[in-house]
Amino acid sequence: MTLHEPHRSRRWARRAAALLLGILAGAGALVWAWNGVAAELFLAPVIRFKHALALQAALAALAAVPLLVARWLIRPGKER
């Protein structure tokens, strides 16, 4: 990125802010849903916000594995 491309940095900042907001909102919704349903109805242990963030990170890593493997296996121009 050069100094003459201010729109790229704004676009990056907007996407980063949206991603952060989505992660925080998702974790908040996960805490609310888990504590409202699982803890109340099924007497499961209550989770805290940090547990919801860790669960989101684990699910994102789990979802990324097949995508990365597929990307690694299907590379145009590479022979095995």
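In what follows, the structure referred to is the one given above.
1. Some words on the environment of Phe49
Within the fold, Phe49 resides in helix H2 (residues 49-73). Considering only alpha carbons, one finds Phe49 and Gly28, 21 residues apart in sequence, at a separation of 6.9 Å. When residues no more than four places from it in sequence are discounted, the contact partners of Phe49 are Leu24, Ala27, Gly28 and Val31.

2. Remarks on H2
Look at H2: 37 Å from first C-alpha to last across 25 residues, which is about the 36 Å you get at 1.5 Å a residue. At Ala64, H2 is bent by approximately 25°, the largest bend along its length, and proline Pro66 sits one to four residues beyond.

3. Here's the deal with a nonpolar patch on the surface
A grouping of Leu19, Leu20, Ile23, Leu24, Phe49 and Leu53 is seen on the molecular surface, where their side chains present a nonpolar patch of about 510 Å² in accessible area. Elements represented by at least two residues in the nonpolar patch include exactly helix H1 (6-41) and H2. No other element matches the 4 residues that H1 contributes to the nonpolar patch.

Thresholds applied
- Here, residues in each chain are numbered from 1, in the same order as that chain's written sequence.
- At least 70 in pLDDT is required for a residue's local features to be given in this predicted model, at least 80 for side-chain atom pairs to be given and counted, and no such filter applies to totals for whole chains, interfaces and linings, which use all residues.
- The basis for every side-chain value is the complete set of heavy atoms in the structure, and neither hydrogens nor water enter the calculation.
- Helix and strand definitions here come from DSSP, where helices need a minimum of 4 consecutive H or I residues and strands a minimum of 2 consecutive E residues; each element is numbered from the N-terminal end.
- The contact criterion used throughout is that any non-hydrogen atoms of two residues lie within 4.5 Å.
- Working rule for helices: expected span equals 1.5 Å times residues minus one.
- Bend angle per residue: angle between axes fitted to the 7 residues ending at that residue and the 7 residues starting there.
- Each patch groups residues whose relative accessible area exceeds 30% and which form no salt bridge, using 9 Å between like charges and 5 Å between nonpolar side chains of Val, Leu, Ile, Met, Phe, Trp and Tyr.
- Reported accessibility uses the Shrake-Rupley method at a 1.4 Å probe radius. Residues are deemed covered only where the shown protein chains occlude them.
- In the sections that follow, a salt bridge refers to a side-chain nitrogen of Lys or Arg positioned within 4 Å of a carboxyl oxygen of Asp or Glu.

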